[in-house]
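Here's the letter readout for the chains.
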Amino acid sequence: MLTVLAGALWSGGYIVSPLLFRTLEDTAQAAALVGEVTGTAVWVVLVCAALLIATQLRHRIRPLAAHWRLWLLVLLTVVVAVGEFWVRPPMAALTEQAGEVGYLSALRAAESLYMVASAMALVLVAGGIEPRQPEEGEETPSSEDAGR
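Predicted model only: the values in this text are computed from it and were never measured. (Residues numbered from 1 in each chain as written. Predicted model: local features only at pLDDT ≥ 70, side-chain atom pairs only at ≥ 80, totals over all residues. Heavy atoms only, no water.)

J.: Describe the nonpolar core, listing the residues and the values that go with them.
T.: Formed by 26 residues in total, the largest nonpolar core has its most connected members in Leu5, Leu9, Val45, Leu73, Leu76, Val80 and Leu124. When contributions to this core are tallied by element, the ones reaching two or more residues are helix H1 (2-23), helix H2 (27-58), helix H3 (68-93) and helix H4 (101-127). If one sorts the elements of this core by residue count, H2 sits on top with eight residues. Discounting residues that sit within four places of it in the chain, leucine 73 has contacts with Leu5, Ala49, Leu52, Ile53, Leu124 and Ile129. (Core = buried A, V, L, I, M, F, W, Y, C linked by side-chain atoms within 4.5 Å. Buried < 20%, exposed > 50% of the residue type's maximum accessible area, 1.4 Å probe, protein only. Helix = DSSP H or I, 4+ residues; strand = E, 2+ residues; numbered from the N terminus. Contact = heavy atoms within 4.5 Å.)

This is the structure in structure tokens:
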């Protein structure tokens, strides 16, 4: 689920979008198609994140404050939701003016949010969604340590 989440972000934002702007001559058409692609990717991210968060909450024993992976996933979800529900609507209204200043400033905000979300996804993929399990022969933390 985590790799689907990260893959949707990375493929839509860093492979398909630049390719559309490079290949299509009409910037407004490219912007509209990129909006569709990234919009679909964002919904995939939101669904995957909701399922991952639910799974994380179901299996937690330690206090929630100790789960950096869970909080990073929640933050990623918030960043993606802000981009989708607060930055994207004004951009959609400005799609016909794809070269204008208003559109470009909204585009920069959306790109920044997308980049932050992509970096968070990279950290989660690299670190894994689950805490590292002690290997055979390693000492497991005591129940007192588990509460920290």
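J.: Tell me about the environment of phenylalanine 85, and name the residues and values.
T.: Position of phenylalanine 85 relative to the elements: it lies in helix H3. Those residues in contact with phenylalanine 85, other than ones at most four positions away along the chain, are Trp43 and Leu46.

J.: Could you give me a rundown of a nonpolar patch on the surface, with the residues and numbers involved?
T.: A contiguous nonpolar surface patch, about 620 Å² in accessible area, is contributed by Trp43, Leu75, Val78, Val82, Phe85 and Trp86. Among the residues examined, leucine 75 registers a relative accessible area of 43% and is labelled partly exposed. (Patch = residues over 30% accessible without salt bridge, like charges linked within 9 Å, V, L, I, M, F, W, Y side chains within 5 Å. Areas by Shrake-Rupley, 256 points an atom, 1.4 Å probe, with all protein chains shown as cover. Salt bridge = Lys/Arg side-chain N within 4 Å of Asp/Glu carboxyl O.)

J.: Mind laying out the packing of H1 against H2, listing which residues take part and the relevant values?
T.: Helices that pack against each other are described as a pair by the angle of their axes relative to one another and the distance between those axes. H2 packs onto H1 with a crossing angle of 175° between their chain directions and a minimal axis gap of 8 Å. By the angle between their directions, the pair H1 and H2 is classed as roughly antiparallel. When its residues are assigned to classes, the contact of H1 with H2 shows 19 nonpolar, four polar and no charged. (Axes fitted to C-alpha atoms, helices over the stretch in contact; angles between N-to-C directions. Parallel < 35°, antiparallel > 145°, perpendicular 65-115°, else oblique. Nonpolar A, V, L, I, M, F, W, Y, C, P; charged D, E, K, R; others polar.)

J.: Residue-level account of the confidence of the model for the protein, with values.
T.: When pLDDT is averaged along the protein, the result is 81, and 76% of the positions lie at 70 or above. The weakest mean pLDDT in the protein belongs to helix H5 (residues 143-146) at 46; the strongest belongs to H1 at 92. (pLDDT = per-residue confidence, 0-100.)

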